[in-house]
Each structure stands twice: as structure tokens, then as C-alpha cells.
Amino acid sequence: MNIAVVGGGPAGLMAAETAAAAGASVTVYDAMPTPGRKLLRAGVGGLNLTRVEPFPGFLARYGAAQARLEPHLAAFGPDDVRGWADGLGEETFVGTSGRVFPKAMKSAPLLRGWLSRLAELGVDLKSRHRWTGWDGDALTFDTPDGAVRAHASATVLALGGPSWPRLGGGDTWSHLLAARGVALAPWQPANCGFDVAWSAHFAERFAGTPIPTAAFGFGDASVRGGAVITATGIEGGAIYALAARLRDAVATHGSAILTLDLAPDRSEADLARALARPRGAKSLATHLKRCGLEGVRAALPRETVPGFDALSPAAQARAVKAAPLALLRPRPLDEAISAAGGVTWDSVDESLMLKALPGVFCAGEMLDWEAPTGGYLLTACLALGRAAGAAAARFSTSPIG
Ligand SMILES: Cc1cc2nc3c(=O)[nH]c(=O)nc-3n(C[C@H](O)[C@H](O)[C@H](O)COP(=O)(O)OP(=O)(O)OC[C@H]3O[C@@H](n4cnc5c(N)ncnc54)[C@H](O)[C@@H]3O)c2cc1C
């Protein structure tokens, strides 16, 4: 059996590993000069491979797609990801809130170990092969040496989503599947920043400034964490965690009001008492600083609450504990960490095979699911890659089943 894996990201490489371990002869094709570029980039801030938490809570992070993902994540979940990384020589550790990282905190050693394992399994890696569709039964690729055709007994497509196109992302493929009758949900940014109409003064002064720990609230959801002010708005971990809800609210209502508790470890009453202390001849900025509110913590409520400076200490305390931030729109897809949308779940069967294209399987971010950052993305990509690789190997030996 001879299996083609198109796309050499985490999902495709895991599909290749699984199919090769099942005895298949596997070729991985990738458009870029080297595979796994997004995985490498993910390691820049400390590669968050997975998350240790009770399975129901873990699964709930996949929202509407959790039922579809459950069998794959049950078969290859956070513990399996840790064991797999360990097997590649990259021992992991559990950091804050259950986040799991390789001890090296980088992707490069893990990817190196993985590519060596694939080479030992006989996986052939063909870079600079951009998949362009089919010619009859053959897969077709554009390469620096011209067009190339390849035959396979089964194919795994693991082409990723459209975010960060310079890393090999970019939607180069959905039209190819749509032309074959595969349904695709529209792409939307996930784990993205949002635009805010900052005043010119605020944007100039605070663009690039981190908001140290705050509590970010939207509806009944609250996330404690950090974010960063940007020239056009706000981004960062806590924003990404709420991004799907915020994006959907912006789409429905035209904007979304996020509330920021900029002093999450102090009660409103305590803050109001401090703010009520006589200020004397001191400026408001100095007074706020003496109350523990400095830099962006003080500037944000002054920016977002009209007339903040003239409010009573009690009202100022309320504003610091719930500064309203109007989010106007998500940042564009190519800036997002990941994307929602892609091949719909109804287009594939339980083995991830396209109903319209027997023998062609899909894995990874190209399927229609989303999850917050924090290891959920990579875990699902690996689990889906493993499932698709195993199913492709089974199909190759027994196409009917
Ligand atoms: C900055 C950043 C940080 C991140 N940090 C984390 C993190 O810490 N934890 C986490 O869980 N997730 C993180 N992610 C998300 C994670 O990297 C992705 O979800 C994951 O890489 C998706 O895997 P994939 O295999 O589905 O697709 P990809 O990794 O996008 O791989 C798809 C592959 O397909 C290739 N390809 C595309 N079109 C074609 C074509 N026509 N022909 C041939 N090849 C093609 C591409 O070149 C690419 O190699 C991060 C993402 C970014 C951008």
C-alpha cells in the first residue's frame, strides 16, 4: 500500500507516522521548502503541546465540534501526546493551569526527532510540491521542476487553515475540494485580536504594552490572564480564549463590549477606600499610582470611561473593576493564530474519509473545528492525523471497509 499525505504540518506528519507504522509506504508532499513551519513558529513563545485537565473539561473546549472530535481525542489525548513527545526524546512538564510544554520549550528539537523517526520508518518527504488537484486518479503537484503526478492507494489531506500564510498556511486548496462536491464552512479568524477605536494619544503611548494580569469578562465567561495593547486594538492569550464568543457577538451585534477588571486581586470597596483618600495638590495620575494603579491599568479606564477623572472614588473603583472595552471587529484571518471553518463534518465519515471522494481522508485544522490556544489545537491536530493515517492504511488494504 502506498499512501500520499499532502501537507507536512503536525496533522500530516502524524498521519504519515501512523500509516508508516502500520506498514504502508508513505510519501509526504508539502508546498514549502521544509515541513512543520507553523509548528516551529508555535515554539517561539514556548510550545504548548497539550493540556492536563479532566477529560470532560478538556473536550468542552472544542465547542460545537466536541462530539465529532471525542473518539479521536479519546484514542489519542493529552497523556498520549506527552508519551509521544517523550518517545521523541522531548520530555514534557506541566506548567501553570495544566499547560504542557517540552522541557526545551521549543519546537525545533521535537521536529528534528520526529523527522528522524519518519525517516527510519521509510517515509519519503517531498518538499516544494504544491498540490493542485487531481488528473483522473492521480494527484497533481506544481514543483520547481514542473508539474508532477502521483498515484496513491489512499490520500490524507492535512493542508491546514488560512492563518499565517507565510508559514505555508493560506487557503490554497478549498476550491479544489469544493469543485469535487465537498462542503466547506466559511473561514473565520479564531484565536485572534480585535480592533478598538483607541484615541490617537492612547494608541501612540501604549501600543505594544502588556496588560499585566487582569480578568476579562464577556457574558457569563471570565478569563484571568494577560493581553497586549496594539496600535489597532488588543490581542493576547486572554483575548484568544474569548475570541470565538467575541467574534460571533461582533458578527451579530456589530460590536462586543469586553469588561476588564484591572485590579482582579482587590475588592471594589478596598479600591474605593484607597481612591477616596485626600489627594491634596497631587495630579490624578499620581493619586492613581499611589492607589496601585499605574501605567496602562490607570490609563485604560481613563480611555474607556467617559468623564472618568471627574467621577466619585466609588465610581472610579467600579470603572477600574469593570472597564468597558468596545471591540469593533476581529483582526484579519492571516494574523489569527488559527481559523474556524473548513471541511464540514458532514462531508466526512467517522474515519475522516470524504464521502464525495472515497480513499481521500482529511485531518487537522482544515476540518471545521476551533479551540482556544493552550495546547488544544495541536492535540486535536495530532489526534486527527493519527486517526486519518490509520484509516488510510486500513482503506489501502481493504478499500471496501
Ligand atoms: C504563532 C502561532 C503560535 C501557535 N502556538 C500554538 C501552541 O502553542 N499550541 C497549540 O496547540 N497550537 C499553536 N498554534 C496552532 C498550531 O500551530 C496549528 O493549529 C497547527 O500547526 C495546525 O496543524 P495542521 O497540520 O492542521 O496544519 P499546518 O501546520 O498549517 O500544516 C499544513 C501544511 O500544509 C502545507 N500546504 C498547504 N497547502 C498546500 C498545498 N496546496 N500543497 C502542499 N502543501 C500544502 C503547508 O505548507 C503546511 O506545511 C500556533 C499557531 C501560530 C500561527
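Data block above holds the structure.
What you are looking at is a predicted structure, and each value in this text was computed from that prediction instead of being measured.

K.L.:
How do you make sense of the site of the ligand when you look at a structure like this?
P.N.:
Near the ligand there are 29 residues, and of these D30, N48, W131, E365 and L378 occur at the shortest range. Here a nitrogen atom of the ligand sits 2.8 Å away from a polar atom, N or O, in the main chain of W131. For the ligand, whose free accessible area comes to 1,000 Å², the fraction covered by protein is 96%. Sorting the residues of the shell around the ligand by element identifies α1 (10–21), α2 (37–42), β7 (130–135) and α14 (376–397) as the ones contributing at least two each. Per-class residue counts for the shell around the ligand are 14 nonpolar, 10 polar and five charged.

K.L.:
Just checking my understanding: could you explain the sheet that holds strand β16 (residues 256–261) for this structure?
P.N.:
Two pairing modes exist for strands in a sheet, parallel and antiparallel, and in both the strands are linked by backbone hydrogen bonds. With respect to topology, seven strands assemble into an open sheet ordered β17-β16-β13-β14-β15-β12-β18, the strand pairing being antiparallel. Each edge of the sheet is formed by a strand with only one pairing partner; in this case those strands are β17 (323–327) and β18 (329–330). As defined by bridge partners, strand β13 (residues 210–218) adjoins β16 across three bridges and the pair is classed as antiparallel. Following the sheet pairing, G217 is matched in β16 by T259. The strands that helix α12 (residues 296–304) touches are β13, β14 (221–229), β16 and β17; relative to β13, the one it contacts most, it runs at about 45 degrees. Strand contacts of helix α13 (residues 313–321): β16 and β17, with the helix running at about 110 degrees to β16, the strand carrying the most contacts.

K.L.:
Quick question: what am I supposed to make of empty space enclosed by the protein here?
P.N.:
In this approach the atoms are scanned with a rolling probe the size of a water molecule, which exposes any empty space left behind. Within the structure shown, the criterion is met by one cavity of 30 Å³ or more. Within this model, the largest cavity holds a volume of roughly 40 Å³. Every element with two or more residues in the lining of the largest cavity is listed here: α6 (108–120) and α14. Of the residues belonging to the lining of the largest cavity, the class tally is eight nonpolar, no polar and no charged.

K.L.:
Please clarify how the nonpolar core should be interpreted in this entry.
P.N.:
Buried together is how nonpolar side chains tend to be arranged in soluble globular proteins. Ranked by internal contacts, the top residues of the largest apolar core, which has 79 residues, are V26, W114, W131, L177, V343 and W369. Counting residues per element, this core draws most heavily on α14, which supplies 14 residues. Ignoring sequence-local partners within four residues, the contact set of W131 consists of V6, L139, T140, F141, L157, L159, W173, L176 and L177. With 49 residues, the next largest nonpolar core counts A227, L258, V305 and L327 among its residues.

K.L.:
Whenever I open this one, the environment of A322 confuses me. Can you help?
P.N.:
Residue position: A322 is located in the loop between α13 and β17. Taking the C-alpha atoms as reference points, A322 and A276, 46 residues apart in sequence, are found 18 Å from one another. Setting aside its immediate chain neighbours within four residues, A322 contacts T259 and L260.

K.L.:
How should I be thinking about unusual backbone geometry in this particular structure?
P.N.:
As a rule of thumb, non-glycine residues mostly have phi less than zero, and peptide bonds are mostly trans rather than cis. Positive phi, normally seen in glycine, also occurs at S97, with a value near 45 degrees. Of note, S97 is situated in the loop between β4 (92–94) and β5 (99–102). Exposure remark for S97: the relative accessible area of 53% places this residue in the exposed category. Even without being glycine, L352 reaches a positive phi, approximately 75 degrees. Note that L352 resides in the loop between β19 (338–343) and β20 (360–362).

K.L.:
I tried to follow the layout of surface pockets on my own but got confused; where do I start?
P.N.:
In this structure, the second largest pocket encloses a volume near 890 Å³. Surrounding the second largest pocket, 40 residues form its lining, R61, Y240, A241, A371 and P372 being those nearest its centre. Of all elements in the fold, only β11 (184–190), β14, α9 (237–253) and β19 reach the threshold of two or more residues within the lining of the second largest pocket. Looking at the lining of the second largest pocket, its residues break down into 21 nonpolar, 10 polar and nine charged.

K.L.:
Even after reading the chapter, I still don't get the pairing of strand β2 (residues 25–29), so can you show me in this structure?
P.N.:
Residues in a regular strand point their side chains to alternate faces of the sheet. Among the five residues that make up β2, four are buried, leaving the element largely enclosed by the rest of the structure. Pairing of strand β1 (residues 2–6) with β2 involves five bridges; the strand directions are parallel. Residue pairing across strands places V5 opposite V28, the latter belonging to β2. Between the parallel elements β1 and β2, the chain passes through α1 in a crossover that is right-handed. Where β2 lies against strand β6 (residues 124–126), three bridges are found, and the strand directions are parallel. From the neighbouring strand, V28 faces β6, where its bridge partner is L125.

K.L.:
Can you walk me through the packing of aromatic side chains in this structure?
P.N.:
For any two aromatic rings, the description comes down to two numbers: the centre-to-centre distance and the angle of the planes. Overall, the coordinates contain 13 aromatic pairs when judged by the stated rule. Among the aromatic residues, those joined into a ring-pair cluster are F55, F58, Y62, W369 and Y376.

K.L.:
Looking at this structure, how should I read the pattern of salt bridges?
P.N.:
Between side chains of opposite charge, a pair can form when the charged atoms approach closely. What the rule picks out here adds up to 16 salt bridges. Ionic pairing is found between R247 and E370, a salt bridge with its closest N-O pair at 2.8 Å. Remark: E370 occurs in the loop between β20 and α14 and R247 occurs in helix α9; sequence separation between them is 123 residues. In this structure, D261 and K321 form a salt bridge, with 2.9 Å as the shortest nitrogen-oxygen distance. Separated by 60 residues along the polypeptide, D261 in strand β16 and K321 in helix α13 bring together distant segments of the chain. Where salt bridges share partners, they join D195, R329, R331 and E335 into one cluster.

Conventions we followed
- Residues numbered from 1 in each chain as written.
- Predicted model: local features only at pLDDT ≥ 70, side-chain atom pairs only at ≥ 80, totals over all residues.
- Heavy atoms only, no water.
- Near = heavy atom within 4 Å.
- Polar contact = N/O pair within 3.5 Å; in protein donor to acceptor, adjacent residues only side chain to side chain.
- Areas by Shrake-Rupley, 256 points an atom, 1.4 Å probe, with all protein chains shown as cover.
- Helix = DSSP H or I, 4+ residues; strand = E, 2+ residues; numbered from the N terminus.
- Nonpolar A, V, L, I, M, F, W, Y, C, P; charged D, E, K, R; others polar.
- Pairing = 2+ DSSP bridges.
- Contact = heavy atoms within 4.5 Å.
- Axes fitted to C-alpha atoms, helices over the stretch in contact; angles between N-to-C directions.
- 1 Å grid on protein atoms, 1.4 Å probe; cavity = no way out; pocket = protein on both sides within 12 Å on 5 of 7 lines; lining within 4 Å.
- Points joined across faces, edges and corners; volume = space filled by probe spheres on them.
- Core = buried A, V, L, I, M, F, W, Y, C linked by side-chain atoms within 4.5 Å.
- Buried < 20%, exposed > 50% of the residue type's maximum accessible area, 1.4 Å probe, protein only.
- Right-handed = clockwise from strand over helix to strand, strands pointing away.
- Phe/Tyr/Trp six-rings, centres within 6.5 Å; stacked < 30°, edge-to-face > 60°.
- Salt bridge = Lys/Arg side-chain N within 4 Å of Asp/Glu carboxyl O.

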